[in-house]
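# Report on the structure
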Amino acid sequence: MKANRRILSSNQRNYRDMYSKGMAFLQYPADWVIRFHNMYLKKVLPKGRVLDFGCGAGNNSCFLIEKGYEVNGVDVSHQALQLVRKNLKAKRLSKKLIRRFSVVRPGTTTLPFPDGHFDFILSNQVLYYLPTRKSIRDTCREMARCLRPGGLVFFTMMGPRNYYITTHTKRILGGHVHDVRITDRKHRLYGVHEMVYLVRTRQELKELFSEFECLSTGYFDQAMFDMTSNFHWIFIGRKRA
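Figured I'd write up the structure that's included with this text. Predicted model only: the values in this text are computed from it and were never measured. All residue numbers refer to position in the chain's written sequence, counted from 1. Where totals are concerned, whole chains, interfaces and linings use all residues; where local detail is concerned, this predicted model gives features only for residues with pLDDT of at least 70, and gives and counts side-chain atom pairs only at 80 or more. The side-chain numbers reported here are obtained from all heavy atoms of the structure, hydrogens and water having been left aside.

Helix and strand content of the chain: seven helices and 10 strands. In terms of C-alpha radius of gyration, the chain reaches 17 Å, essentially the compact-globule figure of 18 Å for 241 residues. Projected onto its principal axes, the C-alpha positions of the chain cover 45 × 40 × 35 Å. Burial status follows relative accessibility: with a 1.4 Å probe on protein chains alone, a residue under 20% of its type maximum counts as buried, one over 50% as exposed, and anything between as partly exposed. Expressed as a percentage of the 241 residues in the chain, the buried residues total 52%. What makes two residues a contact is simply this: any of their non-hydrogen atoms within 4.5 Å. Pairs at least 24 residues apart make up 69% of the contacts formed inside the chain by residues separated by at least 6 positions. By element, 51% of the accessible surface of the chain is carried by carbon and sulfur atoms, the whole surface being about 11900 Å². Charge counting follows a simple rule: Lys and Arg are positive, Asp and Glu are negative, and His as well as the terminal groups are ignored. Each charge is placed at NZ for Lys, CZ for Arg, CG for Asp and CD for Glu. Of the charged side chains in the chain, 41 are positive and 19 negative, and the gap between their average positions amounts to 4 Å. Working definition: helices are DSSP H or I runs of at least four residues, strands are E runs of at least two. Numbering for both runs from the N terminus. A radius of gyration in this sense is built from C-alpha atoms; the matching globule rule multiplies 2.2 Å by the number of residues raised to 0.38. Method for areas: the Shrake-Rupley scheme with a 1.4 Å probe, in which residue coverage is limited to the protein chains shown.

When you tally the buried positions in helix H3 (residues 59–66), you get seven out of eight residues, the bulk of the element. Buried within H3 are the following residues: Asn59, Asn60, Ser61, Cys62, Phe63, Leu64 and Ile65. Immediately downstream of H3, the backbone of Gly68 shows phi near 100°, a positive value.

Ordered by their spatial adjacency, seven strands build an open sheet running E3-E2-E1-E4-E5-E10-E9, and the pairing between neighbours is mixed. For this open sheet the edge positions go to strand E3 (101–103) and strand E9 (213–220), each flanked by a neighbour on one side alone. Strand after strand, the sheet turns through a mean of 15° between neighbouring axes, direction not considered. Any two strands are treated as partners once DSSP identifies two or more bridges connecting them. In this sheet, strand E10 (residues 232–238) lies alongside E9 in antiparallel orientation, the contact comprising seven bridges. Pairing of Glu213 across the sheet is with Arg238, part of E10. Here helix H2 (residues 31–44) sits on the sheet and contacts strand E4 (118–123), strand E5 (147–158), E9 and E10; the angle it forms with E5, its principal contact strand, is near 165°. With axes taken as lines fitted to C-alpha atoms, and helix axes fitted only over the stretch in contact, angles between N-to-C directions fall between 0 and 180 degrees.

Its 14 residues place the ends of H2 19 Å apart at the C-alpha level, agreeing with the 20 Å of an ideal helix rising 1.5 Å per residue. Note on bend: the value at a residue is the angle between axes fitted to the seven residues ending there and to the seven starting there. At His37, H2 is deflected by roughly 50°, the largest bend along its length. Looking at the buried positions of H2, the neighbouring elements they touch are H3, E4, E5, E9 and E10. Given the number of residues in a helix, its expected span is that number minus one, multiplied by 1.5 Å.

By convention in these notes, a salt bridge is any Lys or Arg side-chain nitrogen within 4 Å of a carboxyl oxygen on Asp or Glu. Throughout the structure, instances matching the rule amount to 11 salt bridges. Measuring nitrogen to oxygen at the nearest pair gives 2.6 Å for the salt bridge that ties Arg148 to Asp119. With Arg148 in strand E5 and Asp119 in strand E4, this pair connects stretches of sequence that are 29 residues apart. Taking relative accessible area as the criterion, Arg148 reaches 28% and is therefore assigned partly exposed.

This part takes up the packing of aromatic side chains. Pairing of aromatic side chains here covers Phe, Tyr and the six-membered ring of Trp, requires ring centres within 6.5 Å, and sorts the geometry by plane angle: under 30 degrees stacked, over 60 edge-to-face, intermediate tilted. As enumerated under the stated definition, the model contains 13 aromatic pairs in all. Both rings, one in Phe155 and one in Phe235, keep their centres 6.4 Å apart while their planes meet at 15°; by these two values the pair is stacked. Remark: Phe235 occurs in strand E10 and Phe155 occurs in strand E5; sequence separation between them is 80 residues. When its relative accessible area of 0% is taken as the criterion, Phe155 is described as buried. Taking 5.2 Å as the distance between ring centres and 45° as the angle between the ring planes, the aromatic pair formed by Phe209 and Phe235 counts as tilted. Linking Phe209 in the loop between helix H7 (202–208) and E9 with Phe235 in strand E10, this pair joins segments that are 26 residues apart in sequence. Its relative accessible area of 0% is what places Phe235 among the buried residues. What links up through ring pairs into an aromatic cluster is the set Phe36, Tyr40, Phe120 and Phe154. Two conditions define a charge located above a ring, namely a distance within 6 Å from the ring centre to NZ of Lys or CZ of Arg, and an angle within 35 degrees of the ring normal. The lysine or arginine in question, Arg161, covers the ring of Tyr219, its NZ or CZ lying 5.6 Å from the ring centre.

Right, here's the structure in full:
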């Protein structure tokens, strides 16, 4: 338990510092979120209630708001909400929308929403900061509680080809948890220290998120400058009726 709390605290502190320095201020939605919306979501769910779990700077939230969705966001950092406010202003969206964004404790398994409240839950590059398979599955159960029957989920998880894993991992804790440290002073993320839960295979991905009916799995992978691979798995699922 102490090790789990240490992992959660380390990851929260890392992002608090990154948000404070503006290192994680993303204004534009992720490519894969845009593609998911354009290829699938807008056809099967053209409007509805969305939870952006681990919303960060709110870049994906703002995209979905602009597409007509009613979006709530949660994150573990108060500093993130300052960046959400900045993004809302840049997009000329209502200042009142900041009320839909809130802070939750790291590793929370209790969300401040009623049963069946959401139509879609997005968690992009977030769930692997939880320290164990159990903590991820407990979080999924709470998400399922807040999701209506037939509601959709879109999750991404770090995979083994990611340059964090191949280049910057210093040691492995308990098999799946990788201790990542960026020690190259020339790297744009120099000083970052994160612990991430690695998903090795597509089958592991499906088993991890078996709380939901699997609709599709995939991945994205890009290489550019010091990022030799940002490989992440994609899981698209649905709450069983």
